[in-house]
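Spelled out, the chains give:
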2 protein chains.
Amino acid sequence: MARLRENPEVRRAQIFDAAILMLGEQGFNGITVQRLAQRCGVSNAGLLHYFPSKDEILLGVLDELERREADIVVPLIAAAADKASEGAGASRGLVLELLRSMLERFAARPDLGRFLVVMQAEALHREHLANAWFRDREAMTIDLFADLLATLAAEPRRTARQLVALLYGLGQIWLRGDRDFDLLATWDSAVAALIPERR
Amino acid sequence: MARLRENPEVRRAQIFDAAILMLGEQGFNGITVQRLAQRCGVSNAGLLHYFPSKDEILLGVLDELERREADIVVPLIAAAADKASEGAGASRGLVLELLRSMLERFAARPDLGRFLVVMQAEALHREHLANAWFRDREAMTIDLFADLLATLAAEPRRTARQLVALLYGLGQIWLRGDRDFDLLATWDSAVAALIPERR
DNA sequence: TTGATTACCGAACATTTGGTAGATAGCCTT
DNA sequence: AAGGCTATCTACCAAATGTTCGGTAATCAA
């Protein structure tokens, strides 16, 4: 075989992308180390050079994802908090804006969204490899939303759960239906309905 | 091995139940014909006597599910339609009631709910065995909801999608979190917020 | 230039997988 | 009681799977 030696970081990123794509299409047990390797133009053993086992591929992807997400979401929230401190607490408009930007991130990367949707469902089982990861992630998201809604909703945790549920569900419907409706508009209108206007 | 000859319909039902349970836990590619057979107290070949292949197991389960669902949902809607005809069109209260009863069905069978959530996500890919089934089911659900909302919402299809999304998402969060919140109450409050009151 | 490091390969392995073939035994009809 | 039907078994198979091993060549530091 033609032996092409790639920059390790480039190859790692390539594997990361391919794994997200294929895992989103076929699920964890649906993919094969071999097929993933093929898509990366690398042999079976070549792939295992980067991740010691198939399990570690998934865990590695989640790990990397977490890192990248932190880099994006944290500043987003910080910016919102900044604006908020100008006024008094998080205003309704500000929260709506923040929520919208989260969905925009989803809409911008359908492959990533599909990966999350599929793996999240597969990881429902307590003994799934990634159960803890998605559990923690979900708990943090609900906590975050509840905090944002502290002064805006009578029952912040309940409303937070409703918003997260809507996020999951709309994303999935949007993906299944070939994105044949306006995701952002549907989201905005639901969010506006779920977060009562101050009066 | 002890050869226990079971009534075919009983065995079929047993396989159906076991398949729903295991598919919900481990996904389609996560289960094995052998393990499913074991749980049914039958040999590998014994199971294949009922379904000619692994694929047919899933398709058979979906088929059976559809049949049972029709037997439940259709009368439910018919009853609502009956009540509606007494007044003028579907009233808001009636629709809320109908939606609630759908979620009650979900809550009553967590194993079935998990099966649907997991398979639905795995079937997102166009080439998945069950893609068409879930596509059709989703389209029908959205159509049904939109019809119910025809006179209640300014944009019935949009609101319908929001409700379906909420149904998916809340179900999943509820299952992942060990059902540690009041699903029905959370659903009711969201539905009430999403379907505007007539004025 | 040299030597060490490491990205990557081919081949092999044990195990698991979905599926088949033929035998056998429990049930129903007659 | 006899005979057919079929639910179920044991045994088997070819293919696929995750992982390991020893090697090879590209890159980099000295």
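Now for the protein's contact with DNA strand D. Around DNA strand D, 24 residues are found, and the nearest of them are Arg3(A), Arg3(B), Ser43(B), His49(B) and Tyr50(B). In DNA strand D, the atoms that sit within 4 Å of the protein are 62% sugar and phosphate, with bases accounting for the remainder. Measuring from a phosphate oxygen of DNA strand D, one finds a side-chain N or O atom of Thr32(A) at 3.0 Å. Where the surface near DNA strand D is concerned, the elements lending two or more residues are helix H2 (33-39) and helix H3 (44-48) of chain A together with helix H1 (8-26) and helix H3 (44-48) of chain B. Tallied by class, residues from the surface near DNA strand D come to nine nonpolar, seven polar and eight charged.

The subject of this paragraph is the pattern of salt bridges. Residues and elements named next belong to chain A. In the structure shown here, the tally under the stated rule is 28 salt bridges over all chains. A salt bridge links Glu-64 to Arg-68, with the shortest nitrogen-to-oxygen separation between them at 2.9 Å. Taken as a pair, Glu-64 and Arg-68 lie in helix H4 (residues 54-86) at a separation of four residues, close to a single helical turn. Given a relative accessible area of 22%, Glu-64 falls into the partly exposed group. We classify Arg-68 as partly exposed; its relative accessible area is 34%. Its salt-bridge partner being Glu-69, residue Arg-137 comes within 2.7 Å of it at the nearest N-O pair. Separated by 68 residues along the polypeptide, Arg-137 in helix H7 (residues 131-148) and Glu-69 in helix H4 bring together distant segments of the chain. According to the relative accessible area criterion, Arg-137 is partly exposed, its value standing at 24%. A cluster of three or more residues bridged by salt bridges with shared partners is formed by Asp-63, Glu-64, Arg-67 and Arg-68.

Right, let's talk about helix H9 (residues 183-194) of chain A for a bit. A rise of 1.5 Å per residue sets the reference length of H9(A), with its 12 residues, at 16 Å; its end C-alpha atoms lie 16 Å apart and thus fit the reference within 8%. Looking at H9(A), one finds that the buried residues are Leu183(A), Leu184(A), Thr186(A), Trp187(A), Ala190(A), Val191(A) and Leu194(A). Across the axial projection of H9(A), the buried residues extend over an arc of 160 degrees, all falling on one side. Residues of H9(A) that are buried make contact with helix H5 (92-108) and helix H8 (156-176) of chain A together with helix H8 (156-176) and helix H9 (183-194) of chain B.

With that out of the way, let us pick up the interface of chain A and chain B. Taken residue by residue, the interface counts 38 residues in chain A and 38 residues in chain B. A buried area of about 3600 Å², summed over both sides, lies between chain A and chain B, and 61% of it is on carbon and sulfur atoms. Broken down residue by residue, the surface that chain A buries against chain B is led by Leu124(A), Ile173(A) and Arg176(A), which jointly contribute 21%. Across the chain A-chain B interface, the total number found is six salt bridges. Residues Arg176(A) and Glu138(B) are paired through a salt bridge, measuring 2.9 Å at the closest nitrogen-oxygen approach. Linking chain A with chain B are 14 residue pairs in polar contact (both at pLDDT 80 or more), by the criterion used here. Secondary-structure elements contributing two or more residues to the side of chain A that touches chain B are helix H1 (8-26), helix H6 (110-122), H7, H8 and H9 of chain A. Counting residues per element, the side of chain A that touches chain B draws most heavily on H8(A), at 13 residues.

What counts, and where the lines are drawn
Residues numbered from 1 in each chain as written. Chains lettered and ligands numbered in written order. Predicted model: local features only at pLDDT ≥ 70, side-chain atom pairs only at ≥ 80, totals over all residues. Heavy atoms only, no water. Near = heavy atom within 4 Å. Polar contact = N/O pair within 3.5 Å; in protein donor to acceptor, adjacent residues only side chain to side chain. Helix = DSSP H or I, 4+ residues; strand = E, 2+ residues; numbered from the N terminus. Nonpolar A, V, L, I, M, F, W, Y, C, P; charged D, E, K, R; others polar. Salt bridge = Lys/Arg side-chain N within 4 Å of Asp/Glu carboxyl O. Buried < 20%, exposed > 50% of the residue type's maximum accessible area, 1.4 Å probe, protein only. Expected span 1.5 Å × (residues − 1). Arc of directions from axis to C-beta. Contact = heavy atoms within 4.5 Å. Buried area = accessible area lost by both parts, 1.4 Å probe.

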